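Fold and contact review
Each chain, letter by letter, is given below.
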Amino acid sequence: MDGALIAHVMSRSNSPPALHVSVTRATGATHVSFVWLARQVNEMSSWKLRDTDPSAKGFKAKKMRSFSFYERVSRAFHDHSSLSRLVVLFTVSGGGLLAYSESKSYPGVRSLGSSEDDNKKKRVVVLGTGWAGTSFLKNLNNSSYDVQVVSPRNYFAFTPLLPSVTCGSVEARSIVEPIRNIVKKKNVEIHFWEAECIKIDAENKKVYCKSSQDTNLNGEEEFVVDYDYLVIAMGARSNTFNTPGVVENCHFLKEVEDAQRIRRSVIDCFERASLPNLTDEERKRILHFVVVGGGPTGVEFSAELHDFVNEDLVKLYPTVKDLVKITLLEAGDHILNMFDKRITAFAEDKFHRDGIDVKTGSMVVKVSDKEISTKERGNGNITSIPYGMAVWSTGIGTRPVIMDFMKQIGQTNRRALATDEWLRVEGRDSIYALGDCATINQRKVMEDISAIFSKADNDNSGTLTVKEFQEVIDDICERYPQVELYLKNKQMHDIVDLLKDSKGDVAKESIELDIEGFKSALSQVDSQMKNLPATAQVAAQQGAYLASCFNRMEECEQNPEGPLRFRGSGRHRFHPFRYKHFGQFAPLGGEQTAAQLPGDWVSIGHSSQWLWYSVYASKLVSWRTRALVISDWTRRFVFGRDSSRI
């Protein structure tokens, strides 16, 4: 039969036709196949068939008489949406077959609130694609959430390798992975918006965003995203301590763009110093590199710069090699003061041997375009240091949008958002904060001492026996981790030893404490409370922990797994977050690294450098970045670092 059939399918959402029609001609038969190309079609309101060939009018009349059959099929699909997953076959004419099936649903296609399914899901808005935000997205696997990610950068950067990028040991693109690559294979619907959060409205559960694109969007640069849960993982900015001239004249080392600017600036200094019309004094100033801050980032950058200069640049700029100077300024007594004293001493001694001038007790008070003014802590003398390039690496500060949000919720005069042990912002159960922008406000034992005593005193006798206390020991140690730290420092096996210590030489079984004795026994426990460091390791663990909580949210609502609620009834939904320290590295240049690992194990030297290579390669976010970074390291060993100004 000659003729082509065109099928029109109209869904209730008035979406465009979602069928592909292919017509083939065979002997005495026409085969018509309908293949769904849309993501989801569960409702069909009608089928209309019309013959576009005038010679097929008889066929059309016959088929229209049986239209009620199609109507019944359509109604069946509407009433029983599961039927849309079946294949329905019937004869159109002479062996023609019609095939109907539902296509697979792919995440990340629909826009905000575009379907009924999205409205049923809880919306989780994630602000930031750093260590905390990316770790959360990688570990989230509960498909019952509609996840919206807002970040001004569409990639994740492996920030521990930023000092290597500044000197060409590793290329910038080797340490970044597009965020869409990370989430595209997940079974969770994740939408990404390249924009910057400019305001958080906690009362109305809205996030105000502004596109980070420079193109003209006809006044539509800003948009609003509603949320059910908000995950704030925006990181922090460099802390200048309001020192005059820092923002205008210093480089920072927080982002990939910062590392690229530093790399170009180093090459510029050598090129300017090589010009023939400069005096030696001016060349010395231009080739004086000053690093402010003796923490891990400042020390590693100083070491990388020293290797870059002595292994590569002096060969290319032989006329100025004797004029180069690197100075490291630290306001404290020692560099790397968060490391073991053995590492600190070794680093200072090695830098002295390498010719890096380490000035401790020097606080920067002003930075101009050519000089840095420092104040000596001992005598208060002001010293001016001429420089060609300065890198500021003195810690982190709060972003303006976070400061504004903290004012809204009454958390003024803090350096970061205060959260509880479950990473919830204090006073806001639907908002979570993690990474450098937040700090856990660990609850003190002495604040809850009466509630703990009442919960443990089962018989309401007004005294605690060892047996009663042992029933809540695990919950106390989990809820208040400072108790376990205190016992460890006092070399006590368990908290019963602490009670015995407060009662003197008395057998454990006969110990009984009233409320005052209980307070006395635990009075020094809170002295062990410490804030977690603002490191990538902490942020990554927090992101993984929070994702685990979201994955099991419904399950733990029914069966709470956390410690006892000493100020209420029942148990907490989840176990509180606990940071596990896996060690830290401090590359010192010359293929030597200092490593401080759990158990107070310290290793310094070339073997630690190879451990550093192995650990960092394994921690990279994808096999692509691993291959790129390892190839960069190999290239540097064979050919040296590239000194092109790109």
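So, here is what we can say about the structure in this document. The residue count restarts for each chain, going from 1 along the sequence in the order it is written. Selection of residues for local features in this predicted model requires a pLDDT of at least 70, selection of side-chain atom pairs for listing and counting requires 80 or more, and totals for whole chains, interfaces and linings are taken over all residues. Neither water nor hydrogens contribute to the side-chain values; these are computed over all heavy atoms in the structure.

1. Considerations on the packing of aromatic side chains
Side-chain rings of Phe, Tyr and Trp (the six-membered ring for Trp) are treated as a pair once their centres are within 6.5 Å; stacked means planes under 30 degrees apart, edge-to-face means over 60, and tilted covers the remaining angles. Summed over the entire model, instances satisfying the criterion amount to 21 aromatic pairs. Taking the centre distance of 5.7 Å and the plane angle of 75° together, the rings of Phe158 and Tyr616 count as edge-to-face. One end of the pair, Phe158, is in the loop between strand E7 (155–157) and helix H5 (162–166); the other, Tyr616, is in helix H21 (residues 606–619), and 458 residues separate them in sequence. Here Phe158 falls in the buried class, since its relative accessible area comes to 3%. Relative accessible area decides the class of each residue, using a 1.4 Å probe on protein chains only: under 20% of the type maximum gives buried, over 50% gives exposed, and in between gives partly exposed. According to the relative accessible area criterion, Tyr616 is buried, its value standing at 13%. Ring pairs connect the aromatic residues Trp131, Phe156, Phe158, Phe585, Trp610, Trp612, Tyr613, Tyr616, Trp633 and Phe637, which therefore count as one cluster. Positioned above the aromatic ring of Tyr208 is the side chain of Lys199, whose terminal nitrogen or guanidinium carbon lies 5.7 Å from the ring centre. Ring-over charges, as used throughout, are those where CZ of Arg or NZ of Lys falls within 6 Å of the ring centre and within 35 degrees of the ring normal. The positively charged end of Arg626 is found above the aromatic ring belonging to Trp623, 4.6 Å away from the centroid. Comment: elements are numbered from the N terminus, with helices defined as DSSP H or I runs of at least four residues and strands as E runs of at least two.

2. Regarding the nonpolar core
Put simply, buried Ala, Val, Leu, Ile, Met, Phe, Trp, Tyr and Cys residues joined by side-chain atoms within 4.5 Å make one nonpolar core. By size, the foremost hydrophobic cluster in this structure holds 96 residues, and its most contacted members are Phe136, Val147, Ile175 and Phe550. Discounting residues that sit within four places of it in the chain, Val147 has contacts with Val124, Val126, Leu137, Leu140, Val188, Glu189, Ile190 and His191. Residues Ile449, Ala456, Phe469 and Ile473 belong to the second largest nonpolar core, which totals 29 residues. Every residue pair with non-hydrogen atoms within 4.5 Å of one another is taken to be in contact.

3. Remarks on the packing of H21 against helix H22 (residues 623–639)
For any two helices packed against each other, the geometry is given by the interaxial angle and the distance between the axes. Working convention: axes come from line fits to C-alpha atoms, limited for helices to the stretch in contact. Angles between N-to-C directions cover 0 to 180 degrees. At a minimum axis separation of 8 Å, H21 and H22 run at an interaxial angle of 150°. Judged on the interaxial angle alone, H22 and H21 are roughly antiparallel. Note that H21 runs across H22; the crossing there is right-handed. Here Trp612, Tyr613, Ala617 and Ser618 of H21 come into contact with H22, specifically with Arg626, Ile630, Trp633, Arg636 and Phe637. In terms of residue class, the contact of H21 with H22 is made up of six nonpolar, one polar and two charged. To sort the angles, those under 35 degrees are grouped as roughly parallel, those over 145 as roughly antiparallel, those from 65 to 115 as roughly perpendicular, and the leftovers as oblique. The crossing is said to be left-handed when, going from far helix to near helix, the turn is anticlockwise and less than a right angle, and right-handed when the turn is clockwise. Residue polarity is assigned by list, with Asp, Glu, Lys and Arg as charged and Ala, Val, Leu, Ile, Met, Phe, Trp, Tyr, Cys and Pro as nonpolar; anything else, Gly included, falls into the polar class.

4. A word on the packing of helix H8 (residues 256–273) against helix H10 (residues 296–316)
It is at 13 Å that the axes of H8 and H10 come closest, and there the two elements cross at 45°. Relative to H10, H8 is oriented oblique. With respect to the hand of their crossing, H8 and H10 are arranged in right-handed fashion. Contacts from Ile262, Val266, Ile267 and Phe270 in H8 reach Phe301, Leu305, Phe308, Val309 and Leu313 in H10.

5. Here we look at the pairing of strand E15 (residues 325–330)
Along E15, five of the six residues are buried, which leaves the element largely enclosed by surrounding structure. Only strands that DSSP links by at least two bridges are regarded as paired with each other. In terms of strand pairing, strand E14 (residues 288–292) meets E15 through five bridges, oriented parallel. When the sheet's bridge partners are listed, Phe289 is paired in E15 with Ile326. In terms of strand pairing, E15 meets strand E16 (residues 357–360) through four bridges, oriented parallel. Its bridge partner being in E16, Leu329 is matched across the sheet by Lys359. With the strands pointing away from the viewer, any crossover whose connection runs clockwise from the first strand over the helix to the second is right-handed. Taking the sense of rotation as the criterion, the β-α-β connection linking E15, helix H11 (residues 341–354) and E16 turns out right-handed.

6. Describing the environment of Gly380
Within the fold, Gly380 resides in the loop between strand E18 (371–376) and strand E19 (382–386). Considering only alpha carbons, one finds Gly380 and Ser362, 18 residues apart in sequence, at a separation of 9.5 Å.

7. Quick notes on the pattern of salt bridges
Here a salt bridge means any side-chain nitrogen of Lys or Arg lying within 4 Å of a carboxyl oxygen belonging to Asp or Glu. For the structure on display, the rule yields 30 salt bridges. Here Arg428 and Glu203 are joined by a salt bridge, their closest N and O atoms 3.0 Å apart. Of the two residues, Arg428 sits in the loop between strand E22 (417–419) and strand E23 (431–433) while Glu203 sits in the loop between strand E9 (189–201) and strand E10 (206–211), which places them 225 residues apart along the sequence. Given the relative accessible area of 21%, Arg428 is considered partly exposed. Since its relative accessible area comes to 59%, Glu203 is described here as exposed. A salt bridge links Asp448 to Arg567; its shortest N-O distance comes to 2.5 Å. Within this pair, whereas Asp448 is found in the loop between strand E24 (438–440) and helix H13 (449–456), its partner Arg567 is found in the loop between helix H20 (553–558) and strand E27 (584–589), the two being separated by 119 residues in sequence. Three or more residues are tied together by salt bridges with common partners; here these are Glu171, Arg263, Asp632 and Arg635.

8. Some points on the sheet that holds strand E6 (residues 145–151)
Here seven strands make up an open sheet; going across it, the order is E11-E10-E9-E6-E5-E12-E23 and the pairing mixed. Lying at the two open borders of the sheet, with one neighbouring strand each, are strand E11 (222–226) and E23. Each neighbouring strand pair of the sheet contributes to a mean axis angle of 35°, computed without reference to strand direction. Pairing geometry for strand E12 (residues 229–232) and E23, over three bridges, is parallel. Across the sheet, the residue bridging to Leu230 is Ile431, located in E23. Strands strand E5 (122–127), E6, E9 and E12 of the sheet are contacted by helix H4 (residues 131–139), whose axis makes an angle of about 145° with E5.

9. Let's talk about the sheet that holds strand E28 (residues 592–597)
Across the sheet, three strands lie side by side as E27-E28-E29; this open sheet has antiparallel pairing. Whereas interior strands pair on both sides, the edge strands pair on one side only; in this sheet they are E27 and strand E29 (601–605). Pairwise comparison of adjacent strand axes, ignoring direction, gives a mean angle of 10° for this sheet. Relative to E29, E28 runs antiparallel, the two sharing five bridges.

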